[in-house]
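# What the coordinates show
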Amino acid sequence: MKNYQEVVGIDVSKKTIDAYCYHAQVHKEFKNDLTGYKSLIKWVLKATKDSAVFYCFENTGYYSLKLALYLHSKKVIYVEESPLKIKRSSGIVKEKTDKLDAQVIARYGWLYREELTASTVKSSAHLELGRLLALRDQLVRNNAGLKGTLKEMKVLLTSSTTDLGCISLKRSIDYLTKQVKAIKNRIEEIIFDDISMSKNYELLRSMRGIGLVVACQLIYHTGNFTRFKSWRAFSSYCGTAPFEHRSGTSIHRRKQCHYLGDRKMKSLLSMASVSAIQHDSELKLYYQKKIAEGKDKMLAINNVRNKLLARAFAVVKRGTPYVVLKNYAA
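Let us look at the structure shown here. Not measured: the values here are computed from a predicted model.

## Observations concerning helix H5 (residues 124–156)
The end-to-end C-alpha distance of H5, which contains 33 residues, comes to 49 Å, matching closely the 48 Å that a straight helix rising 1.5 Å per residue would cover. Along H5, the positions that sit buried rather than exposed are His126, Leu127, Leu129, Gly130, Leu132, Leu133, Leu139, Asn143 and Leu150. Next to the buried residues of H5 lie helix H2 (62–73), helix H6 (164–193), helix H7 (195–205) and helix H8 (212–221).

## Observations concerning the pattern of salt bridges
Across all of its chains, the model carries eight salt bridges by this definition. The closest approach of N and O atoms between Arg311 and Glu282, which form a salt bridge, is 3.1 Å. Of this pair, Arg311 sits in helix H12 (residues 297–318) while Glu282 sits in helix H11 (residues 281–292), and the two are 29 residues apart along the sequence. The exposure class assigned to Arg311 is buried, which follows from its relative accessible area of 12%. Residues participating in the shared-partner salt-bridge network are Glu128, Arg186 and Glu189.

## Structural notes on the nonpolar core
By size, the foremost hydrophobic cluster in this structure holds 45 residues, and its most contacted members are Ile187, Ile191, Leu204, Leu218 and Phe234. Per-element tally for this core: the top contributor is H12, with nine residues. Each of domain 2 (123–193) and domain 3 (196–329) gives at least three residues to this core. Discounting chain neighbours no more than four positions away, the residues touching Ile191 are Leu129, Met197, Ser198, Tyr201, Cys216 and Ile219. Formed by 23 residues, the second largest nonpolar core is a distinct cluster that contains Ala19, Ala68, Val121 and Leu127.

## Describing the packing of aromatic side chains
Summed over the entire model, instances satisfying the criterion amount to 12 aromatic pairs. Taking 5.5 Å as the distance between ring centres and 75° as the angle between the ring planes, the aromatic pair formed by Tyr4 and Phe54 counts as edge-to-face. Pair noted here: Tyr4 is in the segment before strand E1 (6–12) and Phe54 is in strand E4 (residues 53–58), with a separation of 50 residues, a long-range link. Overall, the relative accessible area of 21% leaves Tyr4 in the partly exposed class. For Lys122, the ring lying beneath its charged end belongs to Tyr220, and the centroid distance is 4.1 Å. Taking the ring centre of Tyr286 as reference, the NZ or CZ of Lys307 above it sits at 4.8 Å.

## Concerning the pairing of E4
The buried count for E4 comes to six of six residues, which makes it a mostly enclosed element. Here E4 shows a buried face lined by Val53, Tyr55 and Phe57 and a second buried face lined by Phe54, Cys56 and Glu58. The pairing of E1 with E4 spans five bridges and is parallel. The partner of Ile10 across the bridge, within E4, is Phe57. The parallel pair E4 and strand E5 (residues 78–81) is bridged by H2, and the resulting crossover is right-handed.

Parameters at a glance
Residues numbered from 1 in each chain as written. Predicted model: local features only at pLDDT ≥ 70, side-chain atom pairs only at ≥ 80, totals over all residues. Heavy atoms only, no water. Helix = DSSP H or I, 4+ residues; strand = E, 2+ residues; numbered from the N terminus. Expected span 1.5 Å × (residues − 1). Buried < 20%, exposed > 50% of the residue type's maximum accessible area, 1.4 Å probe, protein only. Contact = heavy atoms within 4.5 Å. Salt bridge = Lys/Arg side-chain N within 4 Å of Asp/Glu carboxyl O. Core = buried A, V, L, I, M, F, W, Y, C linked by side-chain atoms within 4.5 Å. Domains from an automatic or database assignment. Phe/Tyr/Trp six-rings, centres within 6.5 Å; stacked < 30°, edge-to-face > 60°. Lys NZ or Arg CZ within 6 Å of the ring centre and 35° of its normal. Pairing = 2+ DSSP bridges. Right-handed = clockwise from strand over helix to strand, strands pointing away.

Structural data, given as structure tokens:
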């Protein structure tokens, strides 16, 4: 983005967007809808004249997705950045307003323009896959809560079959179970309708410990293995990569995983690792070896998580299913 002469910082909220041109030093508020986006483009063209402009805004989920889709449809260059990166680059800010936030975003875009790359919108299949995975996770958690309530209620009652509360809970549980199954079927349709996603999905399922949810989450978070160059980069994104922590001669701690990371993905990899240790002889021996060396159990689990990520990226890169070498050893 180093060839651009101007950057427009945009603070996105539910109903409005605040835009600030860094060099022109002008600010204006627009509605967060199609009409507002059209007015934004016209205003920026008038304020910046013939300067090469790119837009910068925070990733705020559904609120920023509408803006990103519009800019993408108009072939306008934009950067959708992590809110945490922008916040930590701004230093100490005592006041907070939408206008000031837009200024901070514009300043970030200009100062780091040589390091930033233009963002792109995911395909409609990827976007729907992400929404369905999030919805499925929410329904599963709700269903688990209802099952726990039903279990407690049964202990207190002498006849759970005639109690209206138990009957209602059972109906709700059955309904949510059907909805989860319907979402699962739709997720499989999305995966198998796309040749590239379908191929990578089958490759991932060839590994023990990787099920439907983990495989689909890997495909979604990695952009079908195009977003990250290596498994180490994705490990850092998930929060499973260990980093050094030392300074001078007095501070020298052991390597630790950073607390920042995708907690959902990290949790799924932990469950996949436990399953893999139980059903994969190679990883079971690897885990036992780490424990025998005196390593903490969670550290050994983290090693297995990274092993699974390395295998996942390897099978996708090779384009061949995972093979347990022990089965073919002489």
